[in-house]
Amino acid sequence: MKTLIKNARIMDPASGVDKPGEVLIEDGRIVEITAANVHTPQKSDRVIDAQGAVVAPGLVDLHVHLREPGEEYKETIASGTRAAAAGGVTSVACMPNTNPPLDNLAMVELVFSKAKQQGVVNVFPIACITKGRKGEELTEMGELQAAGVKAVSDDGEPVASPALMRSALQYAGMLDLLVINHAEEKSLTENGVAHGGFMAAKLGLAGVPRSGLEIMISRDLLLAEETGCRIHIPHVSTAGAVRMIREAKARGVKVTAETAPHYLVLTDECLAGYDTNVRVNPPIPEASDQAALIEGVLDGTLDAIATDHAPHSRREKEKEFALAAPGISGLETSLSLVLTALVATGKLSLLEALRRMTVNPANILKIPKGTLAVGADADIVIFDPEAGRVIQAKEFVSQSNNTPFDQWKVKGRVLATLVAGTPVYIDATFAGNIKK
Ligand code: DOR
Ligand code: ZN
């Protein structure tokens with residue numbers, strides 16, 4: 001099976017390429033990247049005319065909740081991977097806070113096999129750090145890694161014990177397995193439902209102080225430094241965290257970090273309407289934090305942008321603010337939010353924005369994804385970065401449409417998403433551009 005993508009603007013952050021050309025795919029892999037009009041379309045089984053749109057590596061989202069097993073009413077591997085495809089995402093790392101949690105071989109194998117049967121993008125299950133996410137006993141990391149696990153996390157719950165976290169880093173470090181610790185000191189955060197600033201006080205919402213997040217990050221940085229082990233800090237949301245991670249990197253600590261699109265586009269002013277769709281953990285911070293986060297993305301302190309796609313049902317969101325489940329369904333808006341907030345404003349080049357959503361997260365997970373290199377799997381997104389659109393939550397492919405971005409006017413439209421050379425998402429406006 002040969003597929004030709006012609007009239008492409010080829011953008012590959014891994015090689016720094018941004019040029020017009022063609023991509024030739026054979027049996028699921030990229031076999032050639034050439035200048036424009038080199039190939040005879042008749043010689044290919046399928047021809048995709050990109051009409052000048054960007055052809056880039058499919059996005060790699062290293063922080064996604066697929067909810068299966070146990071909460072299939074929110075999302076399934078089938079629906080979540082289709083939502084990913086609609087968002088231009090071709091690889092997701094899914095968090096293990098399912099029910100039961102992904103803390104043993106059988107559960108991880110279940111996710112792998114469901115993903116193979118029912119998923120449309122690549123799924124990399126993240127396993128738990130501790131059994132039952134209870135923070136008491138480490139999982140069988142060697143066995144989990146042998147099954148294909150690339151990272152461990154108790155996401156949603158921190159590993160509270162410094163001693164256990166230190167062991168986790170050392171054990172995972174021996175295996176070169178990535179540890180992602182949910183950074184929260186529960187004694188400071190457990191009652192909080194919003195960023196503990198002026199807005200929360202004004203609205204009568206219990207606040208999460210920055211220290212509630214930053215104490216745990218500083219502890220983890222100390223442990224990573226002392227043990228020489230790798231650590232990844234998820235959903236960074238405060239200025240202090242950015243500063244600590246920047247300083248740790250400068251000292252040579254093996255730390256990587258991610259932030260999420262919602263922290264780059266919302267500030268705690270959004271709390272004013274008590275919209276439970278802005279309830280997320282960690283909470284949306286204030287403008288000074290947002291400025292530091294953007295600075296962190298620009299200077300590389302924050303390596304990756306990941307959605308923390310956290311689908312919840314309407315029933316769990318249609319509650320009073322403090323009782324609503326935290327989380328945002330993010331897979332179908334991430335590219336547009338980044339394009340609108342960072343690229344269209346001139347803060348970050350398109351290539352650099354894509355770097356943080358493709359090759360950087362792939363390198364953090366140590367998976368051979370996020371690049372258009374010859375020989376790589378043909379996981380590709382075709383999108384128009386300039387096209388305007390209005391986000392329609394009710395049209396989400398995701399089973400849940402808990403987004404604060406409904407009706408937002410944004411830039412960027414995903415036209416097609418290919419996984420191993422096969423189209424897994426085609427925008428209605430683009431269908432005519434694919435022949436055979
Ligand atoms: O907002 C959040 N939702 N933060 C988390 O850490 C967990 C996630 C979820 O699973 O819903
Ligand atoms: Zn999460």
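Structure: see above.
What comes next is a walk through the structure.

1. Brief notes about the coordination of the zinc ion (ligand 2)
Taken together, the protein ligands of the zinc ion (ligand 2) are His63 (NE2), His65 (NE2), Asp155 (OD) and Asp308 (OD), with distances of 2.0 to 2.3 Å. The sequence motif formed by the donor residues of the zinc ion (ligand 2) is H-x1-H-x89-D-x152-D. Of this pair, His63 sits in strand E6 (residues 59-64) while Asp308 sits in the loop between strand E15 (304-305) and helix H11 (314-317), and the two are 245 residues apart along the sequence.

2. Comments concerning the sheet that holds strand E8 (residues 122-125)
Spatially, the 3 strands line up as an open sheet ordered E6-E7-E8, and their pairing is parallel. Across the chains shown, the open sheet's two edge strands, defined by having one partner strand only, are E6 and E8. Strand after strand, the sheet turns through a mean of 20° between neighbouring axes, direction not considered. The pairing of strand E7 (residues 89-94) with E8 spans 4 bridges and is parallel. From the neighbouring strand, Val92 faces E8, where its bridge partner is Val123. Contacts from helix H2 (residues 105-118) reach E7 and E8, with the element oriented near 175° to E8.

3. Focus on the packing of aromatic side chains
Taken as a whole and assessed by the stated rule, the structure comprises 1 aromatic pair. Taking 4.7 Å as the distance between ring centres and 75° as the angle between the ring planes, the aromatic pair formed by Phe405 and Trp408 counts as edge-to-face.

4. Focus on the site of ligand 1
In the neighbourhood of ligand 1, 14 residues make up the surrounding shell, with Arg67, Asn97, His182, Asn281 and His312 lying closest. Within the side chain of Arg67, a nitrogen or oxygen atom sits 2.7 Å from an oxygen atom of ligand 1. His182 is positioned such that a nitrogen or oxygen atom in its side chain is 3.5 Å from an oxygen atom of ligand 1. Against a free-state accessible area of 280 Å², the protein chains account for coverage of 93% of ligand 1. Considered class by class, the residues forming the shell around ligand 1 number 3 nonpolar, 8 polar and 3 charged.

5. Considering helix H4 (residues 162-175)
Taking 1.5 Å per residue, 14 residues should reach 20 Å; H4 reaches 20 Å between its end C-alpha atoms and fits that length. Of all the residues in H4, the buried ones are Leu164, Met165, Ala168, Leu169 and Ala172. The buried side chains of H4 occupy one side of the element, clustering within an arc of 140° when seen end-on. In H4, those exposed residues whose orientation departs by more than 90 degrees from the buried face are Ala163 and Met174. Check the buried side of H4 and you find it contacts helix H3 (141-146), strand E10 (178-180), helix H7 (210-227) and strand E13 (231-233). A side-chain oxygen of the first residue of H4 lies 3.3 Å from the backbone nitrogen of Ala163; this N-cap is Ser161. One or two steps after H4, the chain reaches Asp176, where phi turns positive at roughly 55°.

6. Overview of the nonpolar core
Counting 98 residues, the largest nonpolar core has Val92, Ile233, Val236 and Phe383 as its most contacted members. Per element, the largest residue contribution to this core is 7 residues, and it comes from helix H12 (residues 334-343). Among residues more than four places away in sequence, those in contact with Ile233 are Ile217, Leu221, Ile245, Val255, Thr256, Ala257 and Glu258. Core analysis: the next-biggest nonpolar cluster, separate from the first, contains 19 residues, Ile5, Val23, Ala378 and Ile382 among them.

7. Some points on the side chain of Thr238
With respect to the element layout, Thr238 can be found in the loop between E13 and helix H8 (239-250). Setting aside anything within four residues of it in sequence, one finds Thr238 in contact with Arg210, Leu213, Glu214, Asp289 and Leu293.

8. Remarks on the packing of helix H1 (residues 77-86) against H2
Put simply, H1 and H2 touch, their axes get as near as 9 Å, and they point 60° apart. In terms of their interaxial angle, H1 and H2 are classed as oblique. As H1 packs across H2, the resulting crossing turns out to be right-handed. Note on element contacts: H2 touches H1 through Val111, Lys114, Ala115 and Gln118, opposite Ile77, Ala78, Thr81 and Arg82.

9. Here we look at the state of the cysteines
Tallied over the full model, the rule gives 0 disulfides. Counting only cysteine sulfurs, Cys128 is the nearest neighbor of Cys94, a cysteine outside any disulfide, at a range of 11 Å.

10. Some details on the pairing of strand E16 (residues 380-390)
Bridge analysis of strand E5 (residues 54-57) against E16 gives 4 bridges, and the strand direction is antiparallel. The residue bridging Val55 from the neighbouring strand is Ile382, located in E16. Here E16 pairs with strand E17 (residues 409-419) via 8 bridges, running antiparallel. Bridge assignment links Ile380 to a residue of E17, and that residue is Leu418.

11. Section: the environment of Thr256
Mapped onto the elements, Thr256 comes out in strand E14 (residues 255-259). Apart from the residues within four sequence positions on either side, Thr256 is in contact with Ile231, His232, Ile233, Lys249, Asp303 and Ile364. Separated by 2.8 Å, the side chains of Thr256 and His232 make a polar contact.

Cut-offs applied
- Residues numbered from 1 in each chain as written.
- Chains lettered and ligands numbered in written order.
- Predicted model: local features only at pLDDT ≥ 70, side-chain atom pairs only at ≥ 80, totals over all residues.
- Heavy atoms only, no water.
- Donors = N, O, S within 2.8 Å, 3.2 Å for Na, K, Ca; no water.
- Helix = DSSP H or I, 4+ residues; strand = E, 2+ residues; numbered from the N terminus.
- Pairing = 2+ DSSP bridges.
- Axes fitted to C-alpha atoms, helices over the stretch in contact; angles between N-to-C directions.
- Contact = heavy atoms within 4.5 Å.
- Phe/Tyr/Trp six-rings, centres within 6.5 Å; stacked < 30°, edge-to-face > 60°.
- Near = heavy atom within 4 Å.
- Polar contact = N/O pair within 3.5 Å; in protein donor to acceptor, adjacent residues only side chain to side chain.
- Areas by Shrake-Rupley, 256 points an atom, 1.4 Å probe, with all protein chains shown as cover.
- Nonpolar A, V, L, I, M, F, W, Y, C, P; charged D, E, K, R; others polar.
- Expected span 1.5 Å × (residues − 1).
- Buried < 20%, exposed > 50% of the residue type's maximum accessible area, 1.4 Å probe, protein only.
- Arc of directions from axis to C-beta.
- Core = buried A, V, L, I, M, F, W, Y, C linked by side-chain atoms within 4.5 Å.
- Parallel < 35°, antiparallel > 145°, perpendicular 65-115°, else oblique.
- Left-handed = near helix turned anticlockwise from the far one by under 90°.
- Disulfide = S-S within 2.5 Å.

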